[in-house]
Amino acid sequence: QQPVQSPQAVILREGEDAVINCSSSKALYSVHWYRQKHGEAPVFLMILLKGGEQKGHDKISASFNEKKQQSSLYLTASQLSYSGTYFCGTSGGTSYGKLTFGQGTILTVHP
Amino acid sequence: EAGVVQSPRYKIIEKKQPVAFWCNPISGHNTLYWYRQNLGQGPELLIRYENEEAVDDSQLPKDRFSAERLKGVDSTLKIQPAELGDSAVYLCASSPGTGPEAFFGQGTRLTVV
């Protein structure tokens, strides 16, 4: 079952904040976040594990609500380089390889 | 360190023709994945290898798709015969197996006409 991401697209100005949500109808063990720029390979951002803590680096962080089977990605003080499509990948088991990706959220940051 | 290398980058073929994609993973990475990404969608896992063994191929359309990973290093993905609906970007990824991060190649964009 594919996780559902929201919103489908978001447009920001530099310095603004954004939240991208990822929801699953199945029990989750891990949520992986990737960013893909147009024509490039997806790049790993972070992973959140069941029972783990909120993660983050630089001004990008994420949380994992186990009860709601939902993860949120927080981008604060956005930069032009944040533009791209963000995907969440979810796993119901301990195998990291069995990921099901959402449909993606297109983030565009304008000067 | 070189990343995941895929070739070709682009391929245009007529329907019913065969096509093959090649992937060279990061050195030392035991786990290799093939994904298909349709336009505007997230990647969809086709097959996962642990060394030379295919441990998950449940989403590989086996009537026309095949894959191999000889000696647990390079891998090829083949489609025969190709159909119009196979047009997509085929991504290869690898991981060392010690952590969750998968490193993706730039993909092969296949267009079937």
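Structural notes on the packing of aromatic side chains
All names here are of chain A. In total, this model carries eight aromatic pairs over all chains according to the counting rule given. Relative to F44, the ring of Y34 lies with its centre 5.5 Å away and its plane at 75°, an arrangement referred to as edge-to-face. Of this pair, Y34 sits in strand β4 (residues 30-36) while F44 is found in strand β5 (residues 43-49), placing the two residues 10 residues apart along the sequence. With a relative accessible area of 1%, Y34 lands in the buried category.

Focus: the state of the cysteines
Residue and element names in this part refer to chain A. In this structure the tally under the stated criterion is two disulfides over all chains. Disulfide pairing is shown between C22 and C88; the S-S distance is 2.0 Å. Between C22 and C88 the sulfur-sulfur dihedral comes to about 75°; the bridge is accordingly right-handed. One end of the pair, C22, is in strand β3 (residues 18-23); the other, C88, is in strand β9 (residues 84-91), and 66 residues separate them in sequence. With respect to class, C22 is no different from C88; both count as buried.

What counts and what doesn't
- Residues numbered from 1 in each chain as written.
- Chains lettered and ligands numbered in written order.
- Predicted model: local features only at pLDDT ≥ 70, side-chain atom pairs only at ≥ 80, totals over all residues.
- Heavy atoms only, no water.
- Phe/Tyr/Trp six-rings, centres within 6.5 Å; stacked < 30°, edge-to-face > 60°.
- Helix = DSSP H or I, 4+ residues; strand = E, 2+ residues; numbered from the N terminus.
- Buried < 20%, exposed > 50% of the residue type's maximum accessible area, 1.4 Å probe, protein only.
- Disulfide = S-S within 2.5 Å.

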